Amino acid sequence: MNASTSTGRDSTSHYQILAPDDHFVLGEAQFGMPGLRAIESIGPFVPIKASGPLLTVHDSTIDAGLGIGHHPHQGNERLFYIEAGQLDHDDALNHITGHMDTGDVGQFTEGRRGMIHSEWNHGEVDARAFILVYATDPMPAKASFGLLPDAEAPRYEPSPGVVTKELVGRRSPLEVNGDVRLFTDDGMAAQAAVTLSLAPGEGGVVSVRSGEVELEGRSLVPGTTVVVPPADTPRDLVLTAVQASRIIRVGHGPGQGLGLER
């Protein structure tokens, strides 16, 4: 795990760059069934246990025709951004079902009642989902399932050569129950740049999905994650595409700060 210093308005705050080998890969041994793979950057299996409200960040693959069976969750909220394929949601406790296609965001609110849910890939291709799990405050009483369809996510150009799809943010109609303030999918042309701007108290995550981007002269390849813990000062992280690239950006509030393995 490599520490580096962020650019922009504060040159003393640090972020963590996680190379592909710095992540933990969950598989059949952890899930108890085949066909599931989750690459963890934040969560119980890696040194960064939490950052702000984020409790888990997974890059997950679910094989065609397989999935994870019913299991309980309570108290938090989950966003499943479906990058490829499809998933079906079934909450047996609350009798709630839902379907997510490529480009959709599924919102699973566990609430105080909790849920017993299954996520299954009934499609013919492997599904890929980028997953955020975060604390809810206040915690909703009931569990629910929400959906932001791909076509309803706003698209705009924050800078030349960048097309941003906003999943959570001021433009998005998706309202979350935790302190996640930004969640975007950014397509970048070669030499284009986009900034993750963080106000005092905010933190963030950047995941490189394809291509190659630079941060302070450091090359970030697909599978790299940048974790930016909450800090008291504002910061700007400028990401520049070396070639045509795609990244995910997340911005969040202070939560409980940075939780590290003891």
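The shown structure was predicted, so the numbers you read here are calculated from the model rather than taken from an experiment.

## Some remarks on the sheet that holds strand β21 (residues 218-220)
Then, number 1: The strand order across the open sheet built from four strands is β18-β23-β20-β21, with neighbouring strands paired in antiparallel fashion. For this open sheet the edge positions go to β18 (193-198) and β21, each flanked by a neighbour on one side alone. The mean angle between the axes of side-by-side strands here comes to 30 degrees, regardless of whether they run parallel or antiparallel.
Then, number 2: Across three bridges, the pairing between strand β20 (residues 213-215) and β21 is antiparallel. By the bridge assignment, Val213 is partnered in β21 with Leu220.

## Notes on the pairing of strand β16 (residues 162-168)
The two faces of a sheet get side chains in turn, since along a regular strand they alternate between them.
Then, number 1: Along β16, six of the seven residues are buried, which leaves the element largely enclosed by surrounding structure.
Then, number 2: Pairing of strand β15 (residues 155-156) with β16 involves two bridges; the strand directions are antiparallel. Bridged to Tyr156 within β16 is Thr164.
Then, number 3: Counted along the chain from β15 to the antiparallel partner β16, the turn is five residues long, and its residue Gly161 has a positive phi close to 85 degrees.
Then, number 4: Pairing of β16 with strand β17 (residues 180-188), which is carried by six bridges, proceeds in the antiparallel orientation.

## Some details on the nonpolar core
Then, number 1: Leu54, Phe183 and Val250 are the most contacted members of the largest nonpolar core, which totals 22 residues.
Then, number 2: Among the secondary structure elements, those contributing two or more residues to this core are β6 (54-62), β8 (76-84), β13 (127-135), β16, β17 and β24 (245-252).
Then, number 3: Looking at which element gives the most residues to this core, the answer is β13, with three residues.
Then, number 4: Not counting residues up to four positions away in its chain, the partners in contact with Val250 are Leu54, Leu132, Val180, Leu182, Phe183, Leu196, Gly203, Gly204 and Val205.
Then, number 5: Formed by 19 residues, the second largest nonpolar core is a distinct cluster that contains Val162, Met188, Val208 and Val228.

The rules behind these values
Residues numbered from 1 in each chain as written. Predicted model: local features only at pLDDT ≥ 70, side-chain atom pairs only at ≥ 80, totals over all residues. Heavy atoms only, no water. Pairing = 2+ DSSP bridges. Helix = DSSP H or I, 4+ residues; strand = E, 2+ residues; numbered from the N terminus. Axes fitted to C-alpha atoms, helices over the stretch in contact; angles between N-to-C directions. Buried < 20%, exposed > 50% of the residue type's maximum accessible area, 1.4 Å probe, protein only. Core = buried A, V, L, I, M, F, W, Y, C linked by side-chain atoms within 4.5 Å. Contact = heavy atoms within 4.5 Å.

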